[in-house]
Amino acid sequence: VQPREIIKAALNMPCKALILGHNHPSGDPSPSMEDKLITLMIMASAHLFDVQILDHIIVDMDSDAYQSLADEKVIDDTKNKVMAIMDQISNLVHCG
């Protein structure tokens, strides 16, 4: 998954918000470190184009099990990280 492809699709629709989703064939819908990292990358990219990421849902296709990163507060935590990164960039730009 490339964040640019997701953002490109969002801008072509056009939409102001997205809910991400994918499946875990292992049967365990718990988010991996890679899931959290790609969510951060997508949210940072989306922020540049004023597109919100509302949730990232991971499902097990063989059962009714799912994990919502918004329910687990991962989305809020990631949003705070993105805002902190953007503030740091802004400070660098204004200082230079």
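Residues numbered from 1 in each chain as written. Predicted model: local features only at pLDDT ≥ 70, side-chain atom pairs only at ≥ 80, totals over all residues. Heavy atoms only, no water.

Observations regarding the layout of surface pockets
By volume, the largest pocket is sized at about 180 Å³. Surrounding the largest pocket, Met43, His47, Asp50, Val51, Gln52, Ile53, Lys79, Val82 and Met83 form its lining. Among the secondary structure elements, those contributing two or more residues to the lining of the largest pocket are helix 2 (33–48), strand 2 (52–59) and helix 3 (74–95). Looking at the lining of the largest pocket, the element that brings in the most residues is helix 3, giving 3 residues. Grouping the constituent residues of the lining of the largest pocket by class yields 5 nonpolar, 2 polar and 2 charged. (1 Å grid on protein atoms, 1.4 Å probe; cavity = no way out; pocket = protein on both sides within 12 Å on 5 of 7 lines; lining within 4 Å. Points joined across faces, edges and corners; volume = space filled by probe spheres on them. Helix = DSSP H or I, 4+ residues; strand = E, 2+ residues; numbered from the N terminus. Nonpolar A, V, L, I, M, F, W, Y, C, P; charged D, E, K, R; others polar.)

Side note on unusual backbone geometry
The omega torsion of the bond from methionine 13 to proline 14 falls at -20°, within 30 degrees of zero and hence cis. As for its placement among the helices and strands, proline 14 is situated in the loop between helix 1 (3–12) and strand 1 (17–23). Here aspartate 50, not a glycine, exhibits a phi torsion of approximately 60°, which is positive. Tracing the backbone shows aspartate 50 in the loop between helix 2 and strand 2. Unlike most non-glycine residues, lysine 73 shows phi in positive territory, near 70°.

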